Amino acid sequence: MLLVQRHYVPKERIRAILYPDSSRDAFEKMFERDKEELRSLGVPIEVGSIDPLFDDEPGYRISPDEFALPDIRLAADEAAVVGLATRVWEHARLAEATTDAVRKLTAAGVEVDVSALDLVEPRLTADEPAFDVFWDATQARQAVEFDYRRPGYQEPLRRHLQPWGVVRHAGRWYVVGLDTDRGEERVFRLSRVVGDARRTGTTASYAIPDGIDLRETTRRLAPPPSVVEATLLVRKGAGATLRRAAAAVETDVTGPDSESPWDRVVIRRDRLAEELLALGPDVVVESPPELREEIVARLEATVEARP
């Protein structure tokens, strides 16, 4: 509303247009909240006198010249990478965000080729139930409370974090931030978050440290990936990448159902849980029990998180 006005808009006019049913106190709170939120996003709200001849109530406006994007010029390889971002995300919210970014660039006259890198197109998933909560909290700079399953502990631990960012490292998703219980930076693996993570407190309640390198912090604090030897039952025709890397394959064994033949595959690999989860009902973990328990726990957490 402020962007399309030529002159400063008085507060009462803003109230009548955008907050018509609010009380005086409610309007003041919502107006200040929304104004600060816009400014935190980089929107330049100007305050000035409506009539320069009189010392009356100030008005508000957003100058189109100040708000408009600068001229954007991307090299061919840069534009190709932007286009690729719209295609690698299997996570719906981030796929929508990257697609919207390309739409805006195209409208600004920037040519973006979304098919230029088809041959090297990866796939990025974010199937952890807590992913959206931490992602949104990072954008809003809002603290998160959650229960965390830590190796060596029988019960989950309650943690409180001011998240700085969500990072993919060694095939897993981590959240990096300030652990307010300990007053130190910490890294948490999202697949170990138990139940529903909850955003707490107000938005814009903390600042992300200047110059923080999220990837370097994750590499420094995250535990190294552990290689496990797993024995799997894999449905015939599924798990081609598992079979190629297998130490041994025993064909036509008894499986959990008789719908199709099964093979027994022995493999040594790290980050195995994510790959097995993607295969769904076409794979069953025989050993080790820790891997089976991790997959079951993540499936149960996904079911619990469904509305």
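Refer to the structure presented above.
Residues numbered from 1 in each chain as written. Predicted model: local features only at pLDDT ≥ 70, side-chain atom pairs only at ≥ 80, totals over all residues. Heavy atoms only, no water.

Q: Hey, could you run me through the environment of Leu41 in this one?
A: With respect to the element layout, Leu41 can be found in the loop between helix 2 (24–40) and strand 2 (45–49). Residues Leu41 and Ala140, spaced 99 residues apart in sequence, show a C-alpha to C-alpha distance of 9.6 Å. (Helix = DSSP H or I, 4+ residues; strand = E, 2+ residues; numbered from the N terminus.)

Q: For this particular structure, what's the right way to read the pattern of salt bridges?
A: Opposite charge on two side chains makes pairing possible when the charged atoms of those side chains draw close. Overall, the coordinates contain 23 salt bridges when judged by the stated rule. With a closest N to O distance of 3.4 Å, Arg198 and Glu145 form a salt bridge. With Arg198 in strand 8 (residues 193–200) and Glu145 in strand 4 (residues 143–148), this pair connects stretches of sequence that are 53 residues apart. Under the relative-accessibility criterion, Glu145 is labelled buried at 19%. A cluster of three or more residues bridged by salt bridges with shared partners is formed by Lys11, Glu12, Arg24 and Glu28. (Salt bridge = Lys/Arg side-chain N within 4 Å of Asp/Glu carboxyl O. Buried < 20%, exposed > 50% of the residue type's maximum accessible area, 1.4 Å probe, protein only.)

Q: Teacher, can you tell me more about a nonpolar patch on the surface here?
A: On the surface, Leu3, Val4 and Phe67 cluster together into a nonpolar patch covering about 280 Å² of accessible area. Along the chain, Phe67 falls in helix 3 (residues 64–67). (Patch = residues over 30% accessible without salt bridge, like charges linked within 9 Å, V, L, I, M, F, W, Y side chains within 5 Å. Areas by Shrake-Rupley, 256 points an atom, 1.4 Å probe, with all protein chains shown as cover.)

Q: Please explain helix 9 (residues 272–279) as it appears in this structure.
A: Residues spaced three or four apart along an α-helix face the same direction, because each turn holds 3.6 residues. All of the buried residues along helix 9 are Leu272, Ala273, Glu274, Leu276 and Leu277. Among the residues trailing helix 9, Gly280 stands out with phi positive, at a value near 60°.

Q: What is the right way to read the pairing of strand 3 (residues 58–62) from this model?
A: Bridge count between strand 1 (residues 9–10) and strand 3: 2 bridges; the pairing is antiparallel. Bridge assignment links Val9 to a residue of strand 3, and that residue is Tyr60. Bridge count between strand 2 and strand 3: 5 bridges; the pairing is antiparallel. Along strand 3, the bridge assignment pairs Glu46 with Arg61. (Pairing = 2+ DSSP bridges.)

Q: Help me out: how do you make sense of the sheet that holds strand 4 in this one?
A: Strands belonging to one sheet form pairs held by backbone hydrogen bonds; the direction of such a pair is parallel or antiparallel. Strand order across the open sheet formed by 5 strands is 7-6-5-4-8, with antiparallel pairing between neighbours. Looking at which strands have only one partner, the edges of the open sheet turn out to be strand 7 (184–189) and strand 8. Averaged over all pairs of adjacent strands, the angle between their axes in this sheet comes to 45°, without regard to strand direction. Where strand 4 lies against strand 8, 5 bridges are found, and the strand directions are antiparallel. By the bridge assignment, Asp147 is partnered in strand 8 with Val194. On top of the sheet, helix 6 (residues 131–140) reaches strand 4, strand 5 (157–169), strand 6 (172–179) and strand 8; it is set at about 85° to strand 5, its chief contact. The strands touched by helix 7 (residues 214–221) are strand 5, strand 6 and strand 7; relative to strand 5, the strand with the most contacts, the crossing angle is about 120°. (Axes fitted to C-alpha atoms, helices over the stretch in contact; angles between N-to-C directions. Contact = heavy atoms within 4.5 Å.)

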